[in-house]
Amino acid sequence: MQRTYMTKLRIVVTALGALVLQVAVAGPQATHEFTIPASDFNRGNVRVSLVGQQYAAVRACIWHGGELPNAAEYDITFPAAGSYTLLGLYTANDSRPVDIFLDGVKVHTGFSGTTGSWDTLTATWEEQCTFQVAEGKHILRLQRDQCMPHICALRFRGSVPFPEGWCPDRGD
């Protein structure tokens, strides 16, 4: 089994002018989380602004596309069964709570904070909810009956290490 180790190398000059190399080796680096750009949705009616476009000074984001309710669905393959915490990177000048569904079941209403503007310059990571999920493909849906906040990314933090070599597969 191949393991990944993180090594830190530090060069220290002692009081006498001697060079000393200090090496610190940490244990195996386990992967417990993955991030999906919000603009990478599979189905929905939200608008995407790329960096440099309206509301997206520093990050791409999704926002009101004109049709209500606003919705974005993501086909996500989870690498292991367990508890996952969903974090959202978003910006909102006013509170615009979003319903979060997993496989058609509402698990939370989140994204309700404010960041001071609608532009991604003020986007902030905020923990949304924690849910149990079986290994495999699932559908995450974000929905709001009115205009939704400007969402940049979704991060899923697992309670158990992911299988070695695992890479996100969105089922596209």
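For every chain, the first residue of the written sequence is number 1, and numbering continues from 1 onward in sequence order. The predicted origin of the model limits local features to residues at a pLDDT of at least 70 and limits the giving and counting of side-chain atom pairs to 80 or more, whereas totals for whole chains, interfaces and linings rest on all residues. Processing note: side-chain calculations cover all non-hydrogen atoms of the structure and skip hydrogens and water entirely.

## Comments concerning the environment of Ala 123
Part 1 of the argument: By the secondary structure assignment, Ala 123 is in the loop between β10 (105-110) and β11 (124-133).
Part 2 of the argument: Buried, partly exposed and exposed residues are distinguished by accessible area as a fraction of the type maximum, computed with a 1.4 Å probe on protein chains only: under 20%, between the cut-offs, and over 50%, respectively. On the basis of relative accessibility, which here comes to 16%, the residue Ala 123 falls in the buried class.
Part 3 of the argument: Each C-alpha atom, one on Ala 123 and one on Leu 89, is 6.0 Å from the other, the two residues being 34 residues apart in sequence.
Part 4 of the argument: The contact definition used throughout considers only heavy atoms, calling two residues in contact when any of these lie within 4.5 Å. Discounting residues that sit within four places of it in the chain, Ala 123 has contacts with Arg 59, Leu 89, Tyr 90, Thr 91 and Cys 152. Each helix is a run of H or I in the DSSP string that is no shorter than four residues. Each strand is a run of E no shorter than two, and both are numbered from the N terminus.

## Describing the environment of Ala 56
Part 1 of the argument: Take Ala 56: it is sitting in the loop between β5 (47-49) and β6 (61-63).
Part 2 of the argument: For Ala 56, a relative accessible area of 0% translates into the label buried.
Part 3 of the argument: Residues Ala 56 and Thr 120 lie 64 residues apart in sequence; the distance between their C-alpha atoms is 5.2 Å.
Part 4 of the argument: In this structure Ala 56 touches Ser 49, Leu 50, Val 51, Cys 61, Asp 119 and Thr 120, once residues within four positions along its chain are discounted.

## Overview of the sheet that holds strand β4 (residues 43-44)
Part 1 of the argument: Criterion used throughout: strands pair if DSSP finds at least two bridges between them. As summarised here, the arrangement of the five strands in space is β4-β7-β12-β9-β10, forming an open sheet in which the pairing is antiparallel. On the outer flanks of this sheet lie β4 and β10, each paired with one strand and no other.

## Looking at the pairing of strand β9 (residues 98-102)
Part 1 of the argument: In terms of residue burial, β9 counts as a mostly covered element, since four of its five residues are buried.
Part 2 of the argument: Sheet topology note: the β9/strand β12 (residues 136-144) ladder contains four bridges and is antiparallel. Following the sheet pairing, Ile 100 is matched in β12 by Leu 142.

## Description of the pattern of salt bridges
Part 1 of the argument: Think of a salt bridge as a Lys or Arg side-chain nitrogen and an Asp or Glu carboxyl oxygen that are within 4 Å of each other. Inspection of every chain in the model, using the stated rule, returns six salt bridges.
Part 2 of the argument: As a salt-bridge pair, Asp 75 and Arg 43 come within 2.6 Å of each other at their nearest N and O atoms. Placement of Asp 75 in strand β7 (residues 70-78) and of Arg 43 in strand β4 is noted, with a sequence separation of 32 residues between them.
Part 3 of the argument: Since its relative accessible area comes to 33%, Arg 43 is described here as partly exposed.
Part 4 of the argument: Taking the shortest distance from any N to any O, the salt bridge between Lys 106 and Asp 99 comes out at 3.2 Å.
Part 5 of the argument: On the accessibility criterion, Asp 99 (23% relative accessible area) is partly exposed.

## Examining unusual backbone geometry
Outside of glycine, negative phi angles account for most residues, and trans bonds account for most peptide bonds.
Part 1 of the argument: Residue Pro 69 follows Leu 68 across a cis peptide bond; omega there is -5°.
Part 2 of the argument: Residue position: Pro 69 is located in the loop between β6 and β7.
Part 3 of the argument: Not every positive phi belongs to a glycine, and Tyr 55 is a case in point at roughly 70°.
Part 4 of the argument: Within the secondary structure, Tyr 55 is located in the loop between β5 and β6.
Part 5 of the argument: For Tyr 55, a relative accessible area of 26% corresponds to the partly exposed category.
Part 6 of the argument: For Asp 103, which is not glycine, the phi torsion reads 50° and is therefore positive.
Part 7 of the argument: On the secondary structure map, Asp 103 appears in the loop between β9 and β10.

## What to know about the nonpolar core
Part 1 of the argument: Core analysis: the largest hydrophobic core is formed by 29 residues, its most contacted members being Tyr 74, Leu 142 and Phe 156.
Part 2 of the argument: For this core, the leading source of residues is β7, giving four residues.
Part 3 of the argument: One finds Ala 56, Trp 63, Ala 123 and Ala 153 within the second-largest nonpolar core, a separate group that totals seven residues. Only buried residues count toward a nonpolar core. Its members are Ala, Val, Leu, Ile, Met, Phe, Trp, Tyr and Cys residues joined through side-chain atoms within 4.5 Å.

The analysis is restricted to geometry; functional conclusions fall outside its scope.
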